Amino acid sequence: MTTELEIGLYIFMLAGFLGYHVITRVPPLLHTPLMSATNAIAGISLVGSLVVAGADYGTLSTVLGFIAVTCSSTNVVGGFLITDRMLKMFKTAKDQTAQRRRFQFDPKMLLALPVLVVSMLVLLYWSEELRRDAPHFFRDVLPTQALQYFYILSAALFILGLKGLSSPKYARKGMFLAEFGMLMAVVGTLFHHEIITYKWIIIGFLIGSIIGGTMGLRIPMTAVPQRTALSHSLGALAACLVGISEYFRHHGELSKVTMTALGFEVVIGGLTFTGSLMAAAKLQGLLPGHPITYKGQNVFNLSLLAVIVGSLIYLIVMPTAGMLFYIMVSLAFVFGLLLVIPIGAADMPVVIALLNSYGGLADASMGFVLMNKIQIITGSLDGTSGFLLSLLMCRAMNRSAMNVLFGAFGKIEKEEGGPAAEAKGTVQSIAPEEMAVLIDGIRSVIIVPGYGMAVAQAQHGVAELAKLLTKRGIDVKYAIHPVAGRMPGHMNVLLAEANVPYDQLHEMEQINPYFVEADMALVVGANDVTNPAAKYNKNSPLYGMPILEVERAKSIVVLKRSLRPGFSGVENELYYNPKCMMLFGDAKESLNKLFAALKS
């Protein structure tokens with residue numbers, strides 16, 4: 001006879017296989033919304049959190065469940081809101097010019113979802129008297145039927161929602177399905193027979209919805225990477241807290257299979273929580289963006305990991321070793337800190353994607369502990385998406401995941417310049433007035449945005465310049481490198497926010513053949529992704545990394561604050577190219593000066 005564990009494993013593998021085929025069809029254009037959407041779906045940890053917070057498992061479990069509900073609801077509400085904000089911005093040039101009078105969906109309307117859930121919670125809270133009067137219906141018939149059909153429906157809607165992300169045209173509609181699926185899962189869980197009170201569930205859900213709603217509606221698109229990392233940390237913390245509650249509730253008297261899943265849940269949840277906080281701090285500038293290393297780091301980290309793995313193996317054999325369990329959880333939190341600290345901020349696209357995958361695995365592990373099929377499915381989908389995106393980012397940088405993760409192993413050192421820093425040529429500068437004259441003689445331009453554009457918040461200026469050039473009859477294209485920014489697809493979102501039609505955005509493989517025909521390549525804040533040394537200098541840390549071939553354009557203008565190298569510490573040889581001119585200064589200010597020069 002097939003056991004519950006075997007069924008769960010079958011579901012996990014099939015969901016992962018299905019997720020692979022669905023997610024591989026998501027274009028790079030929508031990778032940032034994909035990350036945000038799967039992050040919101042990972043808030044399915046709310047399902048387990050609701051039961052722990054509402055059941056009578058003891059004071060400690062109730063407190064842990066309350067915190068988990070708050071964290072998970074923050075993820076769900078905030079994640080879906082900001083995903084809708086992003087998807088609403090992706091339009092073609094035809095969409096932008098068309099005058100459509102049909103009903104326009106306001107993302108603020110998504111706040112109706114937590115209102116509906118809270119209303120349901122309040123109704124159930126005040127209907128406890130009725131439940132006692134009709135115990136058979138409310139505690140036996142209704143919970144069983146609701147959970148079965150609501151979970152089946154929500155799983156189908158999640159998959160259809162991710163399927164919608166295969167095209168910007170249907171992405172928003174897909175996300176509406178996923179949002180409705182989450183609502184079905186939450187409402188179904190409210191009928192769980194072990195929930196006896198909704199007091200702490202209501203409070204936690206209200207707090208989380210307010211925090212998540214504020215983040216989803218207020219955070220600027222330039223801060224999406226750190227918001228995503230912060231959401232990863234909250235989802236992972238919820239999974240970890242539910243795992244701790246389950247261990248405490250059973251006093252360690254668990255089967256080997258359950259202890260294995262629970263161990264993975266708390267370890268992966270713990271290291272993802274602190275690791276994501278470190279990633280968010282680096283992206284926000286609260287911690288240095290460069291790798292932070294110390295002597296003996298490699299040995300210490302590997303030893304710590306070995307102790308955690310050894311503790312987990314011992315607990316599987318002897319689950320009642322309670323003190324060792326809590327030590328293992330504490331070490332997992334510490335390991336998350338040490339895992340991300342030696343990784344540079346420029347490697348965050350890979351790190352965020354991997355942390356997303358870890359969060360999904362923590363949710364799937366919770367599903368095995370609670371034998372909740374919907375959590376196994378969504379955890380597998382989330383883990384698959386994060387893993388695939390991390391591999392894509394590594395390939396785009398020509399680096400291995402081990403090199404990125406364990407920065408101390410593959411740390412890229414700055415090139416030694418030698419005596420007097422061996423001159424490579426002369427750097428030419430250009431003034432906004434001179435560039436205005438140069439623009440008068442061109443017929444085609446390719447704009448190359450980078451992280452510097454995000455820092456300067458110059459995406460609106462770039463879009464205005466493109467419109468001005470288009471009015472002058474100049475052909476404008478955008479070249480997007482896979483790792484330009486701090487998370488997959490970040491440049492696409494910023495340009496979409498500035499009303500740049502997504503059909504003008506071209507991936508690296510598509511745009512590279514056009515550089516040789518372009519009269520000008522305009523580089524806005526991009527550095528290492530345009531360095532020609534990656535193609536021919538075998539001694540360069542960038543060697544082998546696919547780049548945007550801007551050096552093939554007839555003329556090159558770079559908007560940059562200084563000649564300071566990028567994350568690799570390598571000077572960009574493009575700046576010494578005789579065809580290259582540097583417009584020094586903040587990109588936003590430089591573009592404003594250029595507009596004034598063009599108008600005059």
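Our subject is the structure listed above.
Residues numbered from 1 in each chain as written. Predicted model: local features only at pLDDT ≥ 70, side-chain atom pairs only at ≥ 80, totals over all residues. Heavy atoms only, no water.

### Some points on unusual backbone geometry
Stated formally: The way it works is that DSSP assigns letters per residue, a run of H or I at least four long becomes a helix, a run of E at least two long becomes a strand, and they are numbered from the N terminus. Note on exposure labels: buried denotes an accessible area under 20% of the residue type's maximum, exposed denotes more than 50%, and partly exposed covers the range between, all computed with a 1.4 Å probe on protein chains only.
Although it is not a glycine, Met-371 adopts a positive phi angle of roughly 55°. For Asn-499, which is not a glycine, the phi torsion comes out positive at approximately 65°. Within the secondary structure, Asn-499 sits in the loop between α22 (490–497) and β4 (505–507). Overall, Asn-499 belongs to the partly exposed group, its relative accessible area being 43%.

### Some remarks on the pairing of strand β3 (residues 475–480)
Basically, it comes down to this: Here a strand pair is declared whenever DSSP counts at least two bridges between the two strands.
Within β3, 5 of the 6 residues are buried, which leaves the element mostly enclosed by the surrounding structure. Two strands pair when backbone bridges link them, and strand β2 (residues 444–449) and β3 are joined in this way by 4 bridges, in the parallel orientation. Paired with Ile-447 across the bridge in β3 is Tyr-478. Across 3 bridges, β3 lies against β4 in parallel orientation. Note on β4: the bridge partner recorded for Tyr-478 is Leu-505.

### Examining the pairing of β2
Burial runs high along β2: 6 of the 6 residues are buried. Taking every second residue as pointing to the same face, both faces of β2 are buried, with Ser-444, Ile-446 and Val-448 on one and Val-445, Ile-447 and Pro-449 on the other. In the sheet, β2 pairs with strand β5 (residues 520–524) via 5 bridges, with the strands oriented parallel. Looking at the pairing, Ile-447 lines up with Leu-522 of β5.

### Remarks on the environment of Ala-223
Looking at the secondary structure, you find Ala-223 in the loop between α10 (199–218) and α11 (224–250). Along the backbone, Ala-223 and Val-455 are 232 residues apart, and their C-alpha atoms lie at a distance of 9.6 Å.

### Some remarks on the sheet that holds strand β6 (residues 556–560)
Within a sheet, adjacent strands bond to each other through the backbone by hydrogen bonds, running parallel or antiparallel. Here is the rule we go by: By definition in these notes, contact holds between two residues if any of their heavy atoms fall within 4.5 Å. As a rule, the C-alpha atoms of each element are fitted with a line to give its axis, helices using only the stretch in contact, and angles between N-to-C directions run from 0 to 180 degrees.
Pairing in this open sheet of 7 strands is parallel, and the strands run β1-β7-β6-β5-β2-β3-β4 from one edge to the other. Each edge of the open sheet carries a strand with a single partner, namely β1 (428–429) and β4. Here 5 bridges tie β6 to strand β7 (residues 580–584), and the two strands are oriented parallel to one another. What sits directly across from Lys-560, in β7, is Phe-584. Along the sheet, helix α21 (residues 459–471) makes contact with β2, β3 and β5, crossing β3 at roughly 150°.

### Looking at the environment of Leu-338
Summarising the element assignment, Leu-338 is placed in helix α14 (residues 322–340). Residues Leu-338 and Gln-297, spaced 41 residues apart in sequence, show a C-alpha to C-alpha distance of 8.7 Å. The contacts of Leu-338, once residues within four sequence positions are left out, are Tyr-294, Gln-297, Phe-300, Asn-301 and Leu-304.

### Some words on helix α25 (residues 587–599)
Heads up, the condition is: Expected helix span is taken as 1.5 Å per residue step, with the number of steps being one fewer than the number of residues. Arc, as used here, means the arc of the directions from the helix axis to the C-beta atoms. Each polar contact in these results corresponds to two N or O atoms within 3.5 Å; when the atoms are within protein, one needs to be able to donate a hydrogen and the other to accept it, and residues that are neighboring in sequence are counted only if both atoms are side-chain atoms.
Taking 1.5 Å of rise per residue, the 13 residues of α25 would be expected to cover 18 Å, and the 18 Å separating its terminal C-alpha atoms lies within 8% of that figure. Of the residues making up α25, those classed as buried are Ala-587, Ser-590, Leu-591, Leu-594, Phe-595, Ala-597 and Leu-598. Buried residues in α25, looked at end-on, bunch into an arc of 165°, giving them a common side. Of the residues in α25, the exposed ones pointing more than 90 degrees away from the buried face are Lys-593 and Lys-599. Those residues of α25 that are buried are in contact with α19 (432–439), α20 (451–456), α21, β5, β6 and β7. One side-chain oxygen at the N-terminal end of α25 lies 3.0 Å from the backbone nitrogen of Lys-588; it belongs to Asp-586.

### Regarding the pattern of salt bridges
Filter applied, for reference: Should a side-chain nitrogen of Lys or Arg be within 4 Å of a carboxyl oxygen of Asp or Glu, the pair is scored as a salt bridge.
Here the structure, examined in full by the defined rule, presents 9 salt bridges. Taking the shortest distance from any N to any O, the salt bridge between Lys-467 and Glu-464 comes out at 3.8 Å. Of the two residues, Lys-467 and Glu-464 are both situated in helix α21; the distance of 3 residues between them amounts to about one turn of the helix. Given the relative accessible area of 39%, Lys-467 is considered partly exposed. With a closest N to O distance of 2.6 Å, Lys-477 and Asp-475 form a salt bridge. Exposure remark for Lys-477: the relative accessible area of 19% places this residue in the buried category. Judged by relative accessible area, which is 37%, Asp-475 ranks as partly exposed.

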